[in-house]
Amino acid sequence: VGIDLADVLEGTTEEVAFRAVVRCEHCHGNGAEPGTPIHTCETCGGQGQVRQATRTPFGQMVRAAPCPTCRGAGKIPETPCEVCGGDGSVAERKTYDVDIPAGIENGQRIRISGAGHAGDPGAAAGDLYVQVEVADDERFHREGSDLLTVLDVPATVAMLGATVPVETLTGEREVEVEAGTQHGDSVRLRGEGLPSLHSGRGSKRGDLHVAIKVVTPVKLSDEQRELVERLDGTLEARNVPGEGGIFERVRRAFR
């Protein structure tokens, strides 16, 4: 079953449809047409299995195998059920509402006990396994309960500083881009990530790390170029950041 990344926040319920073997309701699983008798299998004497002896260089070996006549049931209906043909079960389409917990990871499986194929007469039904696929969200990269997003910031805003909007899973939030922000710097929004799977719904969420991508303007007019050249002529050594290179800042953002 596929869900969106936003569904991981609170969890969700998804309907799944599949074909499964279920007990025949017409004969109640005994394989006989209602009102007709069921006889003990003469081949196995009602044991459901037969013993076969094989001679080997080490002596005679005896093994048990399902009875070929009654197919292990031990009994044979005199008149097979018209619906299931005497099998006691039929295949049909089933639907099931699956509760997907908050914080689930992509590829994890959920087991629903007793929702699988019907068992043999007297045995419990099998289980249903649902694998959850969390769709990629082009806005975010997931690391456990933390999220990483990239925010495009004009070079002038990075130089002067400003409050700018950024997308989160629950809507827009504002982040403070400080004056002198460098390409690859990051801002952390606490509690804007995802919950932990084992903490349950309503638990403390991870953080959203906003990596700053400084965008350099292009196609400058003559006036704009003149302004930039005038600015460049006034820059001094103190205006140049000395705190590591871009790769170090990107590594810090991902950490």
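Residues numbered from 1 in each chain as written. Predicted model: local features only at pLDDT ≥ 70, side-chain atom pairs only at ≥ 80, totals over all residues. Heavy atoms only, no water.

1. Focus on the overall build of the protein
Phase 1 of the analysis: A tally of regular secondary structure across the protein gives 4 helices and 16 strands.
Phase 2 of the analysis: Computed over C-alpha atoms, the radius of gyration of the protein comes to 34 Å, more than 25% over the 18 Å expected from 2.2 N^0.38 for 255 residues, which places it beyond the range of a compact globule.
Phase 3 of the analysis: If you line up the protein on its principal axes, its C-alpha atoms span 105 × 50 × 35 Å.
Phase 4 of the analysis: Here the protein holds 255 residues, and 29% of them are scored as buried.
Phase 5 of the analysis: Nonlocal contacts in the protein, meaning residues at least 24 apart in sequence, comprise 61% of its contacts between residues at least 6 apart.
Phase 6 of the analysis: Per element, the accessible surface of the protein, about 16,900 Å² overall, is 48% carbon and sulfur.
Phase 7 of the analysis: Measuring between centres, the 28 positive side-chain charges of the protein sit 8 Å from its 40 negative side-chain charges. (Helix = DSSP H or I, 4+ residues; strand = E, 2+ residues; numbered from the N terminus. Rg over C-alpha atoms; globule rule 2.2 N^0.38 Å. Buried < 20%, exposed > 50% of the residue type's maximum accessible area, 1.4 Å probe, protein only. Contact = heavy atoms within 4.5 Å. Areas by Shrake-Rupley, 256 points an atom, 1.4 Å probe, with all protein chains shown as cover. Lys, Arg positive; Asp, Glu negative; His and termini not counted. Charge placed at Lys NZ, Arg CZ, Asp CG, Glu CD.)

2. With respect to the pattern of salt bridges
Phase 1 of the analysis: Per the stated rule, a full pass over the model turns up 10 salt bridges.
Phase 2 of the analysis: The salt bridge partner of Asp137 is Arg139, with a shortest N-O separation of 2.9 Å.
Phase 3 of the analysis: One salt bridge connects Asp207 with Arg190, and the closest N-O pair in it is separated by 3.8 Å. Taken together, the residues span a long stretch of sequence, with Asp207 in the loop between strand E15 (186-189) and strand E16 (208-215) and Arg190 in the loop between E15 and E16 at a distance of 17 residues. (Salt bridge = Lys/Arg side-chain N within 4 Å of Asp/Glu carboxyl O.)

3. Here's the deal with helix H3 (residues 222-234)
Phase 1 of the analysis: Spanning 13 residues, H3 covers 19 Å between terminal C-alpha atoms, matching the ideal 18 Å at 1.5 Å per step.
Phase 2 of the analysis: Of all 13 residues making up H3, only 0 are buried, and the element is barely covered by its neighbours. (Expected span 1.5 Å × (residues − 1).)

4. Notes on unusual backbone geometry
Trans peptide bonds make up the majority, and among non-glycine residues the majority have a negative phi.
Phase 1 of the analysis: At His28, a position not held by glycine, the phi torsion is positive, near 60 degrees.
Phase 2 of the analysis: Mapped onto the secondary structure, His28 falls in the loop between strand E2 (12-23) and strand E3 (38-40).
Phase 3 of the analysis: The phi dihedral of Lys219 is positive, around 55 degrees, even though this residue is not glycine.
Phase 4 of the analysis: Here Lys219 shows up in the loop between E16 and H3.

5. Structural notes on the sheet that holds E16
Phase 1 of the analysis: In spatial order, the strands read E11-E12-E16-E15; together these 4 strands make up an open sheet with mixed pairing. In this open sheet, the two strands that pair with only one neighbour each are strand E11 (141-143) and E15. If you compare each strand with its neighbour and ignore which way they point, the axes differ by 30 degrees on average.
Phase 2 of the analysis: Bridging between E11 and strand E12 (residues 146-154) involves 3 bridges; their strand directions are antiparallel. Each residue of the ladder has a partner; that of Glu143, found in E12, is Asp146. (Pairing = 2+ DSSP bridges. Axes fitted to C-alpha atoms, helices over the stretch in contact; angles between N-to-C directions.)

6. Focus on the state of the cysteines
Phase 1 of the analysis: Applying the stated criterion to the full structure yields 0 disulfides.
Phase 2 of the analysis: Considering cysteine sulfurs only, Cys70 is the nearest to Cys44, which forms no disulfide, with 3.7 Å between them.
Phase 3 of the analysis: Overall, the relative accessible area of 9% leaves Cys44 in the buried class.
Phase 4 of the analysis: Among the cysteines around Cys70, which has no disulfide bond, Cys67 carries the closest sulfur, lying 3.7 Å off. (Disulfide = S-S within 2.5 Å.)

7. What about a negative patch on the surface?
Phase 1 of the analysis: A cluster of acidic residues, Asp222, Glu223, Glu226, Glu229 and Asp232, forms a negative patch on the protein surface.
Phase 2 of the analysis: The topology assignment puts Glu226 in helix H3.
Phase 3 of the analysis: Residue class for Glu226 comes out partly exposed when judged on its relative accessible area of 46%. (Patch = residues over 30% accessible without salt bridge, like charges linked within 9 Å, V, L, I, M, F, W, Y side chains within 5 Å.)

8. Some details on the pairing of strand E8 (residues 109-112)
Phase 1 of the analysis: The alternating pattern of E8 places Ile110 and Ile112 on a buried face, while none of Arg109 and Arg111, on the opposite face, is buried.
Phase 2 of the analysis: Bridging between E8 and strand E9 (residues 128-131) involves 4 bridges; their strand directions are antiparallel. Pairing of Arg109 across the sheet is with Gln131, part of E9.

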